[in-house]
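Descriptive structure summary
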Amino acid sequence: GGRGLASEPRNRLRQSLVVAEVALALVLLVGAGLLISSFVRLMQVQRGFDATNVLTVNMNLPREKYAENARTIACLEQTLERVNSIPGVRSAGVTSTLPFSGGAATGFEIAGRAFAQGQEPLADIRTVDAGYFRTLAIPLRAGRMFSERDTAEAPPVMIVNAELARRDWPNENPLGQRVTMKDWGPPLTGEIVGVVGDVKADGLDAETRPMIYWPYPQFPNTFNNLVIRTAGDPLAVVAAVK
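Residues numbered from 1 in each chain as written. Predicted model: local features only at pLDDT ≥ 70, side-chain atom pairs only at ≥ 80, totals over all residues. Heavy atoms only, no water.

This paragraph deals with empty space enclosed by the protein. All told, the structure shown has one cavity of 30 Å³ or more when counted by the stated rule. The calculated volume of the largest cavity comes to roughly 50 Å³. Around the largest cavity, the lining residues are Thr-97, Leu-98, Pro-99, Arg-126, Tyr-132, Val-199, Lys-200, Ala-201, Met-211 and Tyr-213. Partitioned by chemical class, the residues of the lining of the largest cavity number seven nonpolar, one polar and two charged. (1 Å grid on protein atoms, 1.4 Å probe; cavity = no way out; pocket = protein on both sides within 12 Å on 5 of 7 lines; lining within 4 Å. Points joined across faces, edges and corners; volume = space filled by probe spheres on them. Nonpolar A, V, L, I, M, F, W, Y, C, P; charged D, E, K, R; others polar.)

All right, on to unusual backbone geometry then. At Asn-53, a residue that is not glycine, the phi angle is positive and equals roughly 55 degrees. As for its position among the elements, Asn-53 is in the loop between helix H1 (2–43) and strand E1 (54–58). One non-glycine residue, Ala-137, adopts positive backbone phi at about 55 degrees. Residue position: Ala-137 is located in the loop between helix H3 (130–135) and strand E5 (140–143). (Helix = DSSP H or I, 4+ residues; strand = E, 2+ residues; numbered from the N terminus.)

Bringing the layout of surface pockets into the picture now. Approximately 390 Å³ is the volume attributed to the largest pocket. Listing elements by their share of the lining of the largest pocket, those giving two or more residues are helix H2 (69–84) and H3. A per-element tally of the lining of the largest pocket places H2 first, with five residues. Here the second largest pocket is characterised by a volume of approximately 230 Å³.

This part is about a nonpolar patch on the surface. Nonpolar side chains collect at one region of the surface, where Leu-26, Val-30 and Leu-34 lie side by side and expose about 300 Å² of accessible area between them. Tracing the backbone through its elements, the reader meets Leu-34 in helix H1. For Leu-34, a relative accessible area of 56% translates into the label exposed. (Patch = residues over 30% accessible without salt bridge, like charges linked within 9 Å, V, L, I, M, F, W, Y side chains within 5 Å. Areas by Shrake-Rupley, 256 points an atom, 1.4 Å probe, with all protein chains shown as cover. Salt bridge = Lys/Arg side-chain N within 4 Å of Asp/Glu carboxyl O. Buried < 20%, exposed > 50% of the residue type's maximum accessible area, 1.4 Å probe, protein only.)

With that settled, consider the pattern of salt bridges. Across all of its chains, the model carries eleven salt bridges by this definition. Taking the shortest distance from any N to any O, the salt bridge between Asp-124 and Arg-126 comes out at 4.0 Å. Comparing Asp-124 with Arg-126, the two get one shared label, buried. In this structure, Asp-168 and Arg-167 form a salt bridge, with 2.9 Å as the shortest nitrogen-oxygen distance. Its relative accessible area of 35% is what places Arg-167 among the partly exposed residues. Salt bridges here are not isolated pairs; linked through shared partners, they connect Asp-124, Arg-126, Asp-202 and Arg-209.

Structural data, given as structure tokens:
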């Protein structure tokens, strides 16, 4: 009896610890369930591209060596030609920014429309080639993709995503519309020749934003990324790509 009375406080402490452990386990269980539920919902979000067997390679060119646009364009063209010739490579393309990596944006004007100061529409901007859309399986919704005729000397053209087309031309055909990019050097005006599917720029949990694509010969950059789709394991071509 003496021992029983002496152990009473310890029993209460033990019971309290058990209750605390059960409560903590319940909280962790609920948290894990919510995390799994969120993960499942994210995996069901349409990202807008297919990354199966795709290798990406950062390819930033030193500005002091590639100050001239013609030199940058020639380097990218030669690189893509050689990469496409590697055994096991199905297609390759180039982009200034990869999906899920954020990226630059620009204010722009639409021919025939007036906007108040500071109220001009905004869109993300990417510099790509036709191989980029093909490699990531980004679908064409209307018009055409970029081609070899969209050179630096040709009339400037652009492709927009479906979100931009819905926002700025909800009841019109965006093809043939003229848009002027304002925030990246001198104003650059181009004609919309195609509409492609939406791609998540900032991640699966972010909203899809309007996007404008320029062909890299008409708006070259020294910061670039290669996207390379292979027939098998992409890591098998890393040495050859390097």
